[in-house]
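Here's the letter readout for the chains.
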Amino acid sequence: MNQTFDWDATGEALPLLLEGFRVTLLATLLGTLLAAVLGLAVAVAGRAPSRFVTVPVKAVTEFVRSTPLLVQLVGAAAVFTSVEPLTVGTMVLGIHYAAYTSEVYRAGIDGVPKGQWEACRALSMSPRRTWQAVILPQAVRNVLPALGNYAVSMFKETPFLAVITVQEMVFEARKYGADHFAYTEAWTLAGLVFLVASYPTSLLMRKLEKRLGH
């Protein structure tokens, strides 16, 4: 391993890490979309009147929350051997975070004043119309900052995808370091890219949270 920082190695590694960053970003965006949609579906299903719906949903959600993401990734990759690792990783990320976003949605739904529900019943609105026109718009607006924070967290956990051979940024950094004995440069550069990408997003989420709070 180099004892001094090699700027030439840094410049050489940058294109490879940026290609890995593209994969990291793709997994994050698709995983976040899946988590947002599936989490909402789980939150709504959790309020179903039938225990035949709520009990299995709660059991699966608790199972996902109670097992490490790394174990879920390795297990899914072992089962779905014919599926592309990036697809498997993205699906696991989305499902894993859906278990948490469902709680965020649940809190948002519970935060809708009871008077809104009563007004919908007084106007004889159908349950579907009530959810679509009144409840969900208010609930989603209230939880947007929290969903954004989970997206940032997912972005920072994409390095776990390397264990199932997804060639994301950390995978590329490790590979470059091993091939050129330039671990310091590769890992430092990867960390800086993560910082540059995630820190401004975190600030944006805080600003959005303050704005929606007024």
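Rules behind the numbers
- Throughout this description, residue numbers start from 1 for each chain and increase along the sequence as written.
- In keeping with the predicted nature of the model, local features appear solely for residues at pLDDT of at least 70, side-chain atom pairs appear and are counted solely at 80 or more, and the whole-chain, interface and lining totals rest on all residues.
- Only hydrogens and water are set aside when side-chain values are computed; all heavy atoms of the structure are taken into account.
- Lines fitted to C-alpha atoms define the axes here, with helix axes fitted over just the stretch in contact, and angles between the N-to-C directions of these axes take values from 0 to 180 degrees.
- Runs of E in the DSSP output that reach at least two residues are strands. Runs of H or I that reach at least four are helices, and both are numbered from the N terminus.
- An angle below 35 degrees is treated as roughly parallel, one above 145 as roughly antiparallel, one from 65 to 115 as roughly perpendicular, and anything else as oblique.
- Residue contacts are defined here by distance: any two heavy atoms, one from each residue, within 4.5 Å place the two residues in contact.
- Residues are grouped as follows: Ala, Val, Leu, Ile, Met, Phe, Trp, Tyr, Cys and Pro are nonpolar; Asp, Glu, Lys and Arg are charged; all remaining types, including Gly, are polar.
- Buried means the residue's accessible area, taken with a 1.4 Å probe over protein chains only, is under 20% of the maximum for its type, while exposed means over 50%, and partly exposed covers the values in between.
- Under this definition, polar contacts are N or O atom pairs within 3.5 Å; protein pairs additionally need one hydrogen-donor-capable and one acceptor-capable atom, and for neighbouring residues in sequence, both atoms have to be side-chain atoms.
- For the purposes of this section, nonpolar cores are sets of buried Ala, Val, Leu, Ile, Met, Phe, Trp, Tyr and Cys residues that join through side-chain atoms within 4.5 Å.
- Salt bridge, as used here: a side-chain nitrogen of Lys or Arg that lies within 4 Å of a carboxyl oxygen of Asp or Glu.
- To estimate how far a helix should extend, the number of its residues minus one is multiplied by 1.5 Å.
- Working definition for bend: take the seven residues up to and ending at a residue and the seven starting at it, fit an axis to each, and measure the angle between the axes.
- As a per-residue quantity, pLDDT reports the predictor's confidence and falls between 0 and 100.

## Side note on the packing of helix α5 (residues 114-122) against helix α6 (residues 127-157)
Right, on to step 1. Viewed as axis vectors pointing N to C, α5 and α6 meet at an angle of 170°, and their least axial separation amounts to 11 Å. It follows from the interaxial angle that α5 and α6 lie roughly antiparallel. Where α5 approaches α6, its residues Q116, W117 and C120 are matched on the opposing element by T130, W131, V134, I135 and Q138.
Right, on to step 2. When its residues are assigned to classes, the contact of α5 with α6 shows 5 nonpolar, 3 polar and no charged.

## Section: the side chain of T28
Right, on to step 1. Looking at where T28 falls in the secondary structure, it is placed in helix α1 (residues 7-45).
Right, on to step 2. Overall, the relative accessible area of 6% leaves T28 in the buried class.
Right, on to step 3. Of the polar contacts made by the side chain of T28, one reaches the backbone oxygen of T24; its length is 2.8 Å.
Right, on to step 4. Leave out the neighbours within four places in its chain, and T28 touches A151, M154, F155 and T158.

## A few points about the nonpolar core
Right, on to step 1. One finds L17, M169 and Y176 to be the most contacted residues of the largest nonpolar core, which totals 15 residues.
Right, on to step 2. Elements that contribute at least two residues to this core include exactly α1, α7 (169-180) and α8 (183-213).
Right, on to step 3. Those residues in contact with M169, other than ones at most four positions away along the chain, are L17, G20, F21, T24, A190, V193 and F194.

## Details of the pattern of salt bridges
Right, on to step 1. According to the stated counting rule, one finds 7 salt bridges in the structure shown.
Right, on to step 2. In this structure, the salt-bridge partner of R65 is E62, at a minimum N-O distance of 3.0 Å. Taken as a pair, R65 and E62 lie in helix α2 (residues 51-66) at a separation of 3 residues, close to a single helical turn.
Right, on to step 3. What makes E62 partly exposed here is its relative accessible area of 35%.
Right, on to step 4. Of the charged contacts, one joins D110 and R106 as a salt bridge, the two residues approaching to 2.9 Å between their closest N and O atoms. With D110 and R106 both in helix α4 (residues 85-110), this residue pair falls 4 residues apart, about one helical turn.
Right, on to step 5. Relative accessible area serves as the criterion here: at 42%, D110 is assigned to the partly exposed category.
Right, on to step 6. Here the salt bridges share partners, and the residues they tie into one network are R47, E62, R65, E103, R106 and D110.

## A word on α6
Right, on to step 1. Between its terminal C-alpha atoms α6 stretches only 38 Å, short of the 45 Å expected from 31 residues at 1.5 Å a residue.
Right, on to step 2. Of all the bends in α6, the greatest, near 50°, is centred on L144, and the proline P145 appears no more than four residues after it.

## Regarding the confidence of the model for the chain
Right, on to step 1. Put simply, the chain has an average pLDDT of 90, and 97% of its residues get 70 or more.
Right, on to step 2. Mean pLDDT values for the elements of the chain range from 85 in α8 up to 96 in helix α3 (residues 69-79).

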